[in-house]
Amino acid sequence: MTSLPSRAFLTACAVTTSALLLASCTSDSTDAKASPSHTPTATATAKSTAASEKKLTEQVEAALAGFHNGSMVESGVERVSEGIHTEPLLKKGETYRLNLACAGTGSAQLLLTPASAGDKATVPCDGSVVQQRLTADKPVRIDVNGNATATGMIAWQIDKV
């Protein structure tokens, strides 16, 4: 008659197997963390990008703060790579001032539709403010598109003057 392994023996085997599996899993992740070739995680990169965007947002908002004239109609901040695309509600026959500031690298192009609403302009991403007078004879569309290498944040503000 063959005897069955004892309960204590089976328990010892299960514990040993579990310990070996756990040790092999944790040693791989520990080795990866200790490795000098380990690259930053996506989370660390996202935090760095968010901090950079916050700093650039503060810069463009501060640049526009000194250019507030009249009553504000609309404002915002976007990534220059995404651009600004808005159709503000402007009253026919009224005059407005569009203020733009970009901080980062490269530049962006301002395009107003219809063309009679204002002039095309280049917005450098150096923290300076570009102003554009707007006249609203028809509904106006404002598009500001970053060039291919532009990075950073762009802010705009429309004031009724």
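This is a predicted model, so every value here is computed, not measured. (Residues numbered from 1 in each chain as written. Predicted model: local features only at pLDDT ≥ 70, side-chain atom pairs only at ≥ 80, totals over all residues. Heavy atoms only, no water.)

**Q** When you look at the overall build of the protein chain in this model, what are you seeing that I'm missing?
**A** On a plain count of helices and strands, the protein chain comes out with 2 helices and 6 strands. Taken from the N to the C terminus, the helices and strands of the protein chain come in the order α-α-β-β-β-β-β-β. When the 161 residues of the protein chain are sorted by exposure, 30% land in the buried category. Counting contacts in the protein chain only where the partners sit at least 6 residues apart, residues at least 24 apart contribute 77% of the total. If you sum the accessible surface of the protein chain, you get close to 10,200 Å²; carbon and sulfur atoms cover 58% of it. (Helix = DSSP H or I, 4+ residues; strand = E, 2+ residues; numbered from the N terminus. Buried < 20%, exposed > 50% of the residue type's maximum accessible area, 1.4 Å probe, protein only. Contact = heavy atoms within 4.5 Å. Areas by Shrake-Rupley, 256 points an atom, 1.4 Å probe, with all protein chains shown as cover.)

**Q** When you look at the confidence of the model for the protein chain in this model, what are you seeing that I'm missing?
**A** If pLDDT is low for a region, its predicted coordinates should not be looked at in detail. With 73% of its residues at a pLDDT of 70 or more, the protein chain has an overall mean of 80. Contacts for the low-pLDDT stretch residues 9-38, under 50 throughout, to residues beyond four places or in other chains number 2 contacts. (pLDDT = per-residue confidence, 0-100.)

**Q** Hey, could you run me through the state of the cysteines in this one?
**A** Simply put, the disulfide is a covalent bond whose two ends are the sulfur atoms of two cysteines. Inspection of every chain in the model, using the stated rule, returns 1 disulfide. Through a disulfide, Cys102 is tied to Cys125; the S-S separation comes to 2.1 Å. Here Cys102 and Cys125 share a disulfide; its torsion about the S-S bond, 70 degrees, makes the bridge right-handed. Residue Cys102 is located in strand β3 (residues 95-113), and its partner Cys125 is located in strand β4 (residues 121-135); the two are separated by 23 residues in the primary sequence. For the pair shown, Cys102 and Cys125 are each scored as buried. (Disulfide = S-S within 2.5 Å.)

**Q** Help me understand the environment of Asn69, please; the structure alone is not making it clear to me.
**A** Tracing the chain through its elements places Asn69 in the loop between α2 (42-65) and β1 (71-79). As for Asn69 and Tyr96, which are separated by 27 residues in sequence, their C-alpha atoms are 9.4 Å apart. Setting aside chain neighbours within four positions, we find Asn69 in contact with Arg97, Gln131, Asp159, Lys160 and Val161.

**Q** How do you make sense of the pattern of salt bridges when you look at a structure like this?
**A** One side chain can pair with another of opposite charge once the charged atoms of both are near each other. A full pass over the atoms with the stated rule returns 5 salt bridges. We note a salt bridge from Lys160 to Glu94, for which the minimum N-O separation is 3.5 Å. Within this pair, whereas Lys160 is found in strand β6 (residues 151-160), its partner Glu94 is found in the loop between β2 (84-86) and β3, the two being separated by 66 residues in sequence. For Glu94, a relative accessible area of 26% corresponds to the partly exposed category. Taking the shortest distance from any N to any O, the salt bridge between Arg141 and Asp143 comes out at 3.1 Å. (Salt bridge = Lys/Arg side-chain N within 4 Å of Asp/Glu carboxyl O.)

**Q** What is the right way to read unusual backbone geometry from this model?
**A** When glycine is set aside, most residues are seen to have a negative phi, and most peptide bonds are trans. Between Thr113 and Pro114 the backbone carries a cis peptide bond, its omega angle lying at 0 degrees. By the secondary structure assignment, Pro114 is in the loop between β3 and β4.

**Q** Any chance you could explain the nonpolar core here in plain terms?
**A** Across soluble globular proteins, you tend to see nonpolar side chains buried next to one another. Ranked by size, the top nonpolar core spans 24 residues in total, and within it Leu98, Leu100, Leu110, Ile142, Val144 and Ile154 carry the most contacts. Contributions of two or more residues to this core are made by β3, β4, β5 (141-146) and β6. Tallying contributions element by element places β3 first for this core, with 7 residues. Those residues in contact with Leu110, other than ones at most four positions away along the chain, are Leu98, Leu100, Asp119, Lys120, Ala121, Gln132, Ile142, Asp143 and Val144. Counting 8 residues, the second-largest nonpolar core is a separate cluster that includes Val60, Ala101, Ala103 and Ala155. (Core = buried A, V, L, I, M, F, W, Y, C linked by side-chain atoms within 4.5 Å.)

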